[in-house]
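Residue strings, one per chain:
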Amino acid sequence: MTASTQEQTDTDGLAVGAGVDLAASTQAAALAASPWVGRGDKNAVDGAAVSAMRRALAGIRIDGTVVIGEGEKDDAPMLFTGERVGSGDGAACDVAVDPIDGTRLAALGLGNAISALAVAERGAMFDASSVFYMEKLAAGPAAAGILDLRLPVRENVFRLAEVLGRDPDGICVAVLDRPRHDDLVTEIRATGARVRLLPDGDVAAAIAAVDAGSGVDLMLGSGGSPEGVLAAAAVRCFGGIFQGRLWPQSDAERAWMGDRGYESGRVLSARDLVAGDDVVFVATGVTDGSLLRGVRSELGVPVTHSLVADTRTGMRHLVETRHPQRDPGTG
Ligand SMILES: O=P(O)(O)OC[C@H]1O[C@](O)(COP(=O)(O)O)[C@@H](O)[C@@H]1O
Ligand SMILES: [Mn+2]
Ligand SMILES: [Mn+2]
């Protein structure tokens, strides 16, 4: 795998096919966060994951620029937007990271926390760093051309039920459990559909929505814009649809959108959010979840579960990795 990855990177000049290499970064983040799981300290979870991911990226042969990161931080050397990551040689690319999506879940010892990273060609990723929230819709491939974020919720649920050949009561919609979603949840339930309320973690939820057999048919509601770009990258690799609409919360955010000529109400597709034909998405489980198992220990050896996918091959790998901690003294 590594040899062919290397070759592809050399001949194409792009960071494609490098998914398994890139997974080292989400694995490092998950491994570093795992001692903090259940200890109630969100900052410790995030801090450990961010530094480990950053260090691991330095060993990966890409010339990456973080487009979706931890915000524009001037102080701590973290994964801030605009930061260059990777070894500096290899393909020039945009990088989106969420070292832990579900920090609170991990701190509370709850399931579904993941570490996620996506890479695309340089300039391919939508700059969503300055408007925090995005309204989102994600569903499987059958929903293409049928569902639309601008339609009433009821209409989307009925359309999805029809295209899937079910009654609305056979539809399950994932929604972040937030007071702002109370009306949304009422509207969904009024159609007969079920709602799976999530304490956190809408990247994994969007993947569940596009993935047949996950038990989730649709994801609706607002969440972080950075997570929207990561979910869009995943959907580009897995198939299915993702739609996002920036949801500004302040005059500063509205001004930022205006300055960039972003019409309010514009619906962004997965391809608008992550363009190009070379997209790689990797995620590693931190705590056990519906998508991935969390970090666990087998006879003292840490084991991780990662998902690796790319648009070029359309392949999706579930990778189980043993991480023996070698004693330098014994080689
Ligand atoms: O908690 P809010 O403000 O509703 O934001 C929702 C966002 O936070 C999360 O639940 C958790 O994100 P982090 O763990 O990266 O902070 C995301 O999955 C989601 O997009
Ligand atoms: Mn995070
Ligand atoms: Mn997040």
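Residue numbering note: each chain is counted from 1, following its sequence as written. Key to labels: chains lettered from A, ligands numbered from 1, both in the order written. Predicted model: local features are reported for residues with pLDDT of at least 70 only, side-chain atom pairs are reported and counted for 80 or more only, and whole-chain, interface and lining totals are derived from all residues. For side-chain calculations, the full set of non-hydrogen atoms in the structure is used, while hydrogens and water are omitted.

- As annotated in an unreviewed UniProt entry, the protein carries the name Fructose-1,6-bisphosphatase and comes from Longivirga aurantiaca.
- UniProt positions are given in the numbering used here, feature names are shortened, and annotations may be inferred rather than shown by experiment. Quoted straight from UniProt, the Sequence similarities (unreviewed entry) entry for the protein says "Belongs to the FBPase class 2 family."
- Annotation of the protein in UniProt includes, under Catalytic activity (unreviewed entry), the sentence "beta-D-fructose 1,6-bisphosphate + H2O = beta-D-fructose 6-phosphate + phosphate".

Examining the overall build of the protein
- Helical segments are the DSSP runs of H or I of at least four residues, strand segments are the runs of E of at least two, and each set is numbered from the N terminus. When you go through the protein residue by residue, the secondary structure sums to ten helices and 14 strands.
- For the radius of gyration, the atom set is restricted to C-alpha positions; the globular benchmark scales as 2.2 Å times the number of residues to the power 0.38. A compact globule built from 331 residues would reach a C-alpha radius of gyration of about 20 Å, and the protein, at 19 Å, matches this within 12%.
- Along the longest, intermediate and shortest principal axes, the C-alpha atoms of the protein span 65 × 45 × 40 Å.
- Whether two residues touch is decided by their heavy atoms; if any such pair falls within 4.5 Å, the residues are in contact. Taking contacts inside the protein between residues at least 6 apart in sequence as the whole, the part at least 24 apart equals 67%.
- Neither His nor the chain ends contribute to the count of charged residues, in which Lys and Arg are positive and Asp and Glu negative. Lys charges are placed at NZ, Arg charges at CZ, Asp charges at CG and Glu charges at CD. Taking the average place of the 31 positive charges on the side chains of the protein and the average place of its 45 negative ones, the gap between the two points comes to 3 Å.

A word on the site of ligand 1
- Whether a residue is near a molecule or strand depends on its heavy atoms: it is near if one of them lies within 4 Å of it. Close contacts around ligand 1 come from 16 residues, with G102, T103, Y133, R178 and D200 the closest.
- Side-chain atoms alone can form a polar contact between residues adjacent in sequence; in general such a contact is a pair of N or O atoms within 3.5 Å, and within protein one must be able to donate a hydrogen while the other accepts it. Between ligand 1 and the protein, one listed contact pairs an oxygen atom with a side-chain N or O atom of D98 at 3.2 Å.
- Here D200 contributes a side-chain N or O atom positioned 2.6 Å from an oxygen atom of ligand 1.
- In isolation ligand 1 has 480 Å² of accessible area, and contact with the protein removes 80% of it.
- Put simply, the parts of the chain that give the shell around ligand 1 at least two residues each are β3 (91-101), β5 (133-139) and β8 (218-224).
- With three residues, β3 is the single largest residue contributor to the shell around ligand 1.
- Within the shell around ligand 1, the residues separate by chemical class into three nonpolar, five polar and eight charged. Residue burial considers only the protein chains on display, and all accessible areas are found by Shrake-Rupley using a 1.4 Å probe. Residues are grouped as follows: Ala, Val, Leu, Ile, Met, Phe, Trp, Tyr, Cys and Pro are nonpolar; Asp, Glu, Lys and Arg are charged; all remaining types, including Gly, are polar.

Focus on the packing of aromatic side chains
- Only Phe, Tyr and Trp rings are paired, with Trp represented by its six-membered ring, and only when their centres lie within 6.5 Å; those with planes under 30 degrees apart are stacked, over 60 edge-to-face, the remainder tilted. Scanning the model with the defined rule gives four aromatic pairs in all.
- Pairing F132 with Y133 gives two aromatic rings, centres 4.7 Å apart and planes at 85°, and the pair type is edge-to-face.
- Taking the relative accessible area as the measure of exposure, F132 reaches 43% and is therefore partly exposed.
- Put simply, the rings of F132, Y133 and W247 touch in pairs and so form one group of aromatic residues. Each residue's exposure class comes from its accessible area (1.4 Å probe, protein chains only) as a fraction of the maximum for that residue type: buried when under 20%, exposed when over 50%, partly exposed otherwise.

What about the coordination of the manganese ion (ligand 3)?
- Coordination sphere of the manganese ion (ligand 3), protein contribution only: D98 (OD), D101 (OD) and E227 (OE), at 1.9 to 2.2 Å.
- Within one chain, the residues donating to the manganese ion (ligand 3) are spaced in sequence as D-x2-D-x125-E. Only nitrogen, oxygen and sulfur atoms qualify as donors, and only when within 2.8 Å of the metal (3.2 Å in the case of Na, K and Ca); with water excluded, sites may look incomplete.

Topic: the pairing of β3
- Most of β3 is tucked away: ten of the eleven residues are buried.
- By this definition, two strands are paired if DSSP reports at least two bridges between them. In this structure, strand β1 (residues 62-68) lies alongside β3, joined through six bridges in parallel fashion. Opposite V66, over in β3, you have V95 as the bridge partner.

What to know about helix α6 (residues 182-190)
- Among the residues of α6, L184, V185 and I188 are the ones counted as buried. Relative to the axis of α6, the buried residues are bounded by an arc of 95° and lie together on one face. Pointing more than 90 degrees away from the buried face of α6 are the exposed residues D183, T186 and A190.
- At its buried positions, α6 is contacted by α5 (153-164), β6 (172-176), β7 (194-198) and β8.
- Once α6 finishes, G192 follows within two positions and takes phi at roughly 105°, a positive value. Our arc is simply the arc of the directions from the helix axis toward the C-beta atoms.

What about the coordination of the manganese ion (ligand 2)?
- Distances from the manganese ion (ligand 2) to its protein donors, D98 (OD) and I100 (O), fall at 2.1 Å.
- In this structure the manganese ion (ligand 3) is found 3.4 Å away from the manganese ion (ligand 2), and D98 serves as a bridging donor for the pair. The same class applies to D98 and to I100, which are both buried.

Comments concerning the side chain of H181
- Counting through the fold element by element, H181 comes out in the loop between β6 and α6.
- Setting aside chain neighbours within four positions, we find H181 in contact with V175, L176, G221 and S222.

A closer look at the environment of I60
- Among the structural elements, I60 can be located in the loop between α3 (42-58) and β1.
- Residues I60 and D21 lie 39 residues apart in sequence; the distance between their C-alpha atoms is 6.8 Å.
- Excluding residues within four positions of it along the chain, I60 makes contact with D21, L22, S25, G86 and S87.

Concerning the nonpolar core
- In this structure, F238, F242, L273, V274 and F281 are the most contacted members of the largest nonpolar core, which totals 51 residues.
- In terms of residue count, helix α8 (residues 225-238) provides more of this core than any other element does, nine residues in total.
- If we skip the residues at most four places from it in the chain, V274 touches A120, A124, M125, V229, A232, A233, R236 and V279.
- To qualify as a nonpolar core, a set must consist of buried Ala, Val, Leu, Ile, Met, Phe, Trp, Tyr and Cys residues joined through side-chain atoms within 4.5 Å. Core analysis: the second largest hydrophobic core is formed by 30 residues, L22, L79, L105 and A113 among them.

Quick look at the layout of surface pockets
- Here a cavity denotes grid points, spaced 1 Å and computed from the protein atoms alone, that fit a 1.4 Å probe unable to get out, and a pocket denotes an open set having protein on both sides within 12 Å along at least 5 of 7 lines; residues with an atom within 4 Å of a point are the lining. Grid points are joined across faces, edges and corners, and a volume is the space filled by probe spheres set on the points. Here the largest pocket defines a volume of roughly 580 Å³.
- The wall of the largest pocket is formed by 26 residues, among which D98, D101, T103, F132 and E227 lie closest to the centre.
- Elements that contribute at least two residues to the lining of the largest pocket include exactly α3, β3, α4 (103-107), β8 and α8.
- Counting residues per element, the lining of the largest pocket draws most heavily on β3, which supplies four residues.
- Here the residues of the lining of the largest pocket sort into six nonpolar, eight polar and twelve charged.
- For the second largest pocket, the lining is made up of 18 residues, of which E135, V153, H181, L184 and G221 are closest to its centre.

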